[in-house]
Amino acid sequence: MTSLFRVTLLGTGVPIPRPERFGPSTLIEAGDQRVLIDAGRGATIRLFQLGVPMGRIDALLLTHFHSDHTVGIPDLWLTGWLSSYFAARKRPFHVIGPIGTQTLMRHLEAAYARDIEIRIADEKLAREHAAITVKEFAGDGPVYESGDLRIIAFTVDHGDAIKPAYGYRIEYQDRLAVVSGDTRYNENVVRYGEGADLLIHEVAMARLELLKEPHIRRIVDHHTSPQEAGRVFARTRPKLAVFTHLVMLASETVSPPSVEELVAATRETYAGPLEVGEDLMTLEIGDEIFVKRLLGV
């Protein structure tokens, strides 16, 4: 019998500090395992809202090193070490990511060394529970296995200079969820996403007048358009396709595209089941996929 397999979008936003869309982060719950993919701004706040102790996260998986995907790491690591009920980690903080993750985490240890020493002396916290273990990988293949849960990393294309960049295929018992990570239209997402129960994909969109701006053009060119994402969904045929990391570009004078416009653009190439992700949207994967919204963005 298949036990709990649930995906929650903790953060569906971008570097813009919007209170209704926090930074990119996705919680995977599979049986008794809890894994986080990326830790953007506010990930710990969303875990608290869910009632999930941040110290109970078994592993943090990183897709790439853009700051909006990683700024929440110190909060998750160090707040999760505290003794309080919402934290209380009793083991090292485990991080899995591409080559470069070790360097990132060692520098964070150096940056917060004084905080750690103070809390050990003052709060009597255990040093071993503030330790960081790192597993680095390169190329496609399994990166996390525990019981019936198996997670496979696969390379994606987030731009010529933004490497490494990965997506993740999450296999649990007879169910499958796929997270694209940040990417342009990419055949590897199609390959690893084919037949998924749930396919979560990033998307970027801007009004035509903004596309004349070089910096806007550069951003859009590093991501997947709604029409391109629709083609991915049409080829992979998931039970449910979901957008996250909504790069809905705007300026002081030009408003961002609406959710309705995003859906309409996607429908040019895809007619299947589709949800536009919201922070704290929960997707429970069974014979059907049950969608629960907590914020109503």
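Note that the structure is a prediction, hence the values are computed from the model and not measured.

Before going further, it helps to examine the nonpolar core. Membership of the largest hydrophobic core comes to 30 residues, with the highest contact counts inside it found for Leu 61, Val 143, Ile 151, Tyr 168, Ile 170, Leu 198 and Leu 283. With four residues, the top contributor of residues to this core is strand 9 (residues 166-172). For Ile 151, the residues in contact, after removing those within four places along its chain, are Val 35, Leu 61, Gly 141, Pro 142, Val 143, Tyr 144, Tyr 168, Arg 169 and Ile 170. In this structure, Leu 10, Leu 36, Leu 47 and Leu 82 belong to the second largest nonpolar core, which totals 27 residues.

This paragraph deals with the sheet that holds strand 2 (residues 25-30). Here eight strands make up an open sheet; going across it, the order is 6-5-4-3-2-1-14-15 and the pairing mixed. What marks the edges here is a single partner per strand, and that holds for strand 6 (132-137) and strand 15 (289-292). Across the sheet, the mean angle from the axis of one strand to that of its neighbour is 20°, orientation sign disregarded. As defined by bridge partners, strand 4 (residues 59-61) adjoins strand 5 (residues 93-98) across two bridges and the pair is classed as parallel.

For the coordinates displayed, the defined rule picks out nine aromatic pairs. The interplanar angle of 90° and the centroid separation of 6.2 Å between the aromatic rings of Trp 77 and Tyr 112 together place this pair among those described as edge-to-face. Of the two residues, Trp 77 is situated in helix 2 (residues 73-79) and Tyr 112 in the loop between helix 3 (101-111) and helix 4 (113-123); the sequence distance between them amounts to 35 residues. Take Tyr 112: its relative accessible area is 31%, and that puts it in the partly exposed class.

To continue, consider the UniProt feature "domain: Metallo-beta-lactamase" (unreviewed entry) in the protein chain. The sites that carry the UniProt feature "domain: Metallo-beta-lactamase" (unreviewed entry) are, in the present numbering, residues 22-223. End C-alpha to end C-alpha, residues 22-223 measures 19 Å, and it is 26% helix and 29% strand.

Here we come to the sheet that holds strand 9. Hydrogen bonds between backbone atoms are what pair the strands of a sheet, whose relative direction is either parallel or antiparallel. Overall, mixed pairing links the seven strands, which are arranged 7-8-9-10-11-12-13 in an open sheet. Here the strands that pair on one side only, and so sit at the sheet edges, are strand 7 (141-146) and strand 13 (274-276). Along the sheet, successive strands turn relative to each other by an average axial angle of 20°, direction set aside. Two elements, strand 8 (residues 149-155) and strand 9, share seven bridges in a ladder whose sense is antiparallel. By the bridge assignment, Arg 150 is partnered in strand 9 with Glu 171. Strands in contact with helix 8 (residues 259-266) are strand 11 (198-205), strand 12 (240-248) and strand 13; relative to strand 13, the strand with the most contacts, it is inclined by about 150°.

What follows concerns the side chain of Thr 12. Relative to the assigned elements, Thr 12 resides in the loop between strand 1 (5-11) and strand 2. Accessibility expressed as a relative area gives 0% for Thr 12, which makes it buried. For Thr 12, the side chain forms a polar contact with the side chain of Arg 21, separated by 2.7 Å. If we skip the residues at most four places from it in the chain, Thr 12 touches Arg 21, Phe 22, Gly 23, Thr 244, His 245, Leu 246, Gly 277, Glu 278 and Asp 279.

One can find His 223 in the loop between helix 6 (214-221) and helix 7 (226-236). Assessed through its relative accessible area of 9%, His 223 is described here as buried. Within the structure, the side chain of His 223 is placed 2.4 Å from the side chain of Glu 202, a separation counted as a polar contact.

Turning to helix 3, a few remarks are in order. Along helix 3, the positions that sit buried rather than exposed are Thr 101, Met 105 and Leu 108. Looking straight down helix 3, one finds its buried side chains confined to an arc of 55°; they lie on one side. Counted as exposed and oriented over 90 degrees from the buried face of helix 3: His 107, Ala 110 and Ala 111. Buried residues along helix 3 sit in contact with helix 2, strand 5 and strand 6.

Our focus in this paragraph is the pattern of salt bridges. Using the criterion set out here, one finds 23 salt bridges in the structure. Between Arg 6 and Glu 29 there is a salt bridge; the shortest N-O distance is 3.0 Å. Of this pair, Arg 6 sits in strand 1 while Glu 29 sits in strand 2; the two residues are 23 residues apart in sequence, bridging distant segments of the chain. Classification of Arg 6 by relative accessible area gives partly exposed; the value is 24%. Taking relative accessible area as the criterion, Glu 29 reaches 6% and is therefore assigned buried. Here Glu 261 and Arg 207 are joined by a salt bridge, their closest N and O atoms 2.9 Å apart. With Glu 261 in helix 8 and Arg 207 in the loop between strand 11 and helix 6, this pair connects stretches of sequence that are 54 residues apart. Assessed through its relative accessible area of 23%, Arg 207 is described here as partly exposed. Through salt bridges with shared partners, a single network forms among Arg 6, Glu 29, Arg 34 and Glu 284.

What counts and what doesn't
- Residues numbered from 1 in each chain as written.
- Predicted model: local features only at pLDDT ≥ 70, side-chain atom pairs only at ≥ 80, totals over all residues.
- Heavy atoms only, no water.
- Core = buried A, V, L, I, M, F, W, Y, C linked by side-chain atoms within 4.5 Å.
- Buried < 20%, exposed > 50% of the residue type's maximum accessible area, 1.4 Å probe, protein only.
- Helix = DSSP H or I, 4+ residues; strand = E, 2+ residues; numbered from the N terminus.
- Contact = heavy atoms within 4.5 Å.
- Pairing = 2+ DSSP bridges.
- Axes fitted to C-alpha atoms, helices over the stretch in contact; angles between N-to-C directions.
- Phe/Tyr/Trp six-rings, centres within 6.5 Å; stacked < 30°, edge-to-face > 60°.
- UniProt positions renumbered as here; feature names shortened; annotations may be inferred.
- Polar contact = N/O pair within 3.5 Å; in protein donor to acceptor, adjacent residues only side chain to side chain.
- Arc of directions from axis to C-beta.
- Salt bridge = Lys/Arg side-chain N within 4 Å of Asp/Glu carboxyl O.

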